[in-house]
Amino acid sequence: MTAPMREPTFLVLTALAEEPQHGYAVLEDVARMTGGRVRLRAGTLYSALDRLKTEGLVEVEREEVVQSRLRRYYRLTGLGEKLLAAESARLREQAALADARLRVRQQPGGSPA
């Protein structure tokens, strides 16, 4: 069993699951997915992308120059997709457990509030 994924890692991989994106687009996507609750800093994101690349979870799909700056597009690898799917399943199981226990609590004779 692998350790649970940290939330920023989960969110970055989730942002890349649909299509390749450049760093700034990942920052915006993470903020959008979380309703603004998580706002990654650029330094944090690029450190995470470097680590995820080293771990084989993401790779650079292409690079382009925009306004004299290099824009690197990242995509999820097969391994990244597999680990994201496993983490998503783990989170669903945990949420189902919490929901089941809350239902018991809400039934007559359940634990008082």
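Residues numbered from 1 in each chain as written. Predicted model: local features only at pLDDT ≥ 70, side-chain atom pairs only at ≥ 80, totals over all residues. Heavy atoms only, no water.

Asker: Give me the lowdown on the pairing of strand 2 (residues 58-66), citing residues and values where you can.
Answerer: Strand direction decides the pairing type here: strand 2 and strand 3 (residues 69-76), joined by 8 bridges, are antiparallel. Within strand 3, the position partnered with glutamate 59 by the bridge is arginine 75. Hairpin connection, strand 2 to strand 3: the antiparallel pair is bridged by 2 residues, and glutamine 67 has positive phi, about 50°. (Pairing = 2+ DSSP bridges. Helix = DSSP H or I, 4+ residues; strand = E, 2+ residues; numbered from the N terminus.)

Asker: Tell me about the layout of surface pockets, and please be specific about residues and values.
Answerer: Space inside the largest pocket adds up to approximately 320 Å³. His22, Gly23, Tyr24, Tyr46, Asp50, Val66, Gln67, Arg69, Leu70, Arg71, Arg72 and Tyr74 are the residues that line the largest pocket. Residue assignment for the lining of the largest pocket shows that the elements contributing at least two residues are helix 2 (23-33), helix 3 (42-54) and strand 3. For the lining of the largest pocket, the leading source of residues is strand 3, giving 5 residues. In the lining of the largest pocket, the residues fall into 5 nonpolar, 3 polar and 4 charged. (1 Å grid on protein atoms, 1.4 Å probe; cavity = no way out; pocket = protein on both sides within 12 Å on 5 of 7 lines; lining within 4 Å. Points joined across faces, edges and corners; volume = space filled by probe spheres on them. Nonpolar A, V, L, I, M, F, W, Y, C, P; charged D, E, K, R; others polar.)

Asker: Lay out helix 2 with the relevant residues and their values.
Answerer: Along helix 2, the residues classified as buried are Gly23, Ala25, Val26, Leu27, Asp29, Val30 and Ala31. Residues of helix 2 that are buried in the fold lie against helix 1 (7-18), strand 1 (21-22), helix 3 and strand 3. (Buried < 20%, exposed > 50% of the residue type's maximum accessible area, 1.4 Å probe, protein only. Contact = heavy atoms within 4.5 Å.)

Asker: Residue-level account of the sheet that holds strand 3, with values.
Answerer: In spatial order, the strands read 1-3-2; together these 3 strands make up an open sheet with antiparallel pairing. Sheet topology places strand 1 and strand 2 at the edges, where each strand pairs with a single neighbour. Both strand 1 and strand 3 contribute to a ladder of 2 bridges, which runs antiparallel. By the bridge assignment, glutamine 21 is partnered in strand 3 with tyrosine 74. Along the sheet face, helix 1 touches strand 1, strand 2 and strand 3 and points at about 90° away from the line of strand 3. (Axes fitted to C-alpha atoms, helices over the stretch in contact; angles between N-to-C directions.)

Asker: Describe helix 4 (residues 78-106), and please don't skip the residues or the numbers.
Answerer: Taking 1.5 Å per residue as the helical rise, helix 4 with its 29 residues ought to reach 42 Å, and the 42 Å between its terminal C-alpha atoms agrees with that figure. Among the residues of helix 4, those classed as buried are Gly80, Leu84 and Glu87. (Expected span 1.5 Å × (residues − 1).)

Asker: Can you tell me about the nonpolar core, naming the residues and giving the values?
Answerer: Counting 19 residues, the largest nonpolar core has Val12, Leu13 and Val58 as its most contacted members. Contributing elements (two or more residues each) for this core: helix 1, helix 2, helix 3 and strand 3. Among the elements that take part in this core, helix 1 stands out by supplying 5 residues, more than any other. Excluding anything up to four places from it in sequence, valine 58 contacts Leu13, Leu16, Leu49, Leu52, Lys53, Tyr74, Arg75, Leu76 and Thr77. (Core = buried A, V, L, I, M, F, W, Y, C linked by side-chain atoms within 4.5 Å.)

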